[in-house]
Amino acid sequence: MVCRSKNRRIEAELVRLSRNDLEALASQVVRAYMKLPELQGQAIYCIDPELLCTSLLHLKVDYQHLSKQGTILGLTAFDPVNIILPDGYYTLDGKTVLIESSLNDEGSCVGRKNFTIIHEGSHQILKMVFPNDYGSKPHEARTAKVHFCKAETSYHGRITDWEEWQTNTLTSAVLMPKELIDKAMRLVGLRGRIERLNSVFFREEFEKFLEMSKILGCSMQALSIRMKQFGLIGEDYLGKPYRLLDVEVD
Ligand SMILES: [Zn+2]
């Protein structure tokens, strides 16, 4: 799984990958996932994050309380390191994806859990593909870096944390590959793009979109962002349906 672009730039020892680079890398990951022996002979409608992490990436997925307030959703490290969690010490072995255990609670958003598992797995994918950029240097061994991923990470305008942006972009592309979005659209009976994603005024299309998010195991927000990238959603009123009525007054 190697993805190196001619335009690749190295700055501050961290590779900077474009969205196209990350899409290409995600396609390689998804193709390898589809070939897993466990999935042969089955119709595949979604990416199972735990199967991807364990069978494809040979990582361990574990669940613990990561923070008292529940603000940390997941973490991983590339080297062995001891960390302190609310319930005591935990040894990360460098190949473990550790997920906030409350994401397994009934009523918790499955999409958020799935995104978090693949996000942590994506940190490990980037390290596997670019070990010189992401792996720790020998002199850093005693201070192994732990990637904490918090709730509500989003980017508006300038990207200030390239590693997180790259990881989130790779995560979206792995969790919601175009071929599975197309398949889900066919399954729910969406024949073309959604012109207006609106839960109040365009209820029928919205219900189909909701069903798609359940099929793919992702949040509606993540799916809407991904579908807009492909031009499959026109106007997005997710969470603010009445904005359709807003009239701009000079
Ligand atoms: Zn992260």
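This section reports on the structure supplied with the text. (Residues numbered from 1 in each chain as written. Predicted model: local features only at pLDDT ≥ 70, side-chain atom pairs only at ≥ 80, totals over all residues. Heavy atoms only, no water.)

1. Considerations on the coordination of the zinc ion
Part 1 of the argument: Every protein donor of the zinc ion is accounted for by His119 (NE2), His123 (NE2), Cys149 (SG), Glu164 (OE) and Glu164 (OE), and the metal-donor separations fall at 2.0 to 2.5 Å.
Part 2 of the argument: Donor residues for the zinc ion sit on one chain with the sequence pattern H-x3-H-x25-C-x14-E. Separated by 26 residues along the polypeptide, His123 in helix α3 (residues 110-129) and Cys149 in strand β8 (residues 146-150) bring together distant segments of the chain.
Part 3 of the argument: Looking at His123, the relative accessible area reads 0%, which means it is buried. (Donors = N, O, S within 2.8 Å, 3.2 Å for Na, K, Ca; no water. Helix = DSSP H or I, 4+ residues; strand = E, 2+ residues; numbered from the N terminus. Buried < 20%, exposed > 50% of the residue type's maximum accessible area, 1.4 Å probe, protein only.)

2. So, unusual backbone geometry
What is expected of a backbone is that most residues other than glycine have negative phi and most peptide bonds are trans.
Part 1 of the argument: Notably, His58 is not glycine yet its phi reads approximately 55 degrees, a positive angle.
Part 2 of the argument: Examined against the element boundaries, His58 turns out to sit in the loop between α2 (49-56) and β3 (60-64).
Part 3 of the argument: Look at His58 and you get exposed, because its relative accessible area is 56%.

3. A few points about the packing of helix α1 (residues 19-34) against α2
Part 1 of the argument: Running from amino to carboxyl end, α1 crosses α2 at an angle of 85 degrees, the nearest separation of the two axes being 11 Å. Put simply, α1 runs roughly perpendicular to α2. In this structure, α1 contributes Val29, Ala32 and Tyr33 to the contact, and α2 contributes Leu51, Leu52 and Leu56.
Part 2 of the argument: Residues of the contact of α1 with α2, tallied by class, amount to 6 nonpolar, no polar and no charged. (Axes fitted to C-alpha atoms, helices over the stretch in contact; angles between N-to-C directions. Parallel < 35°, antiparallel > 145°, perpendicular 65-115°, else oblique. Contact = heavy atoms within 4.5 Å. Nonpolar A, V, L, I, M, F, W, Y, C, P; charged D, E, K, R; others polar.)

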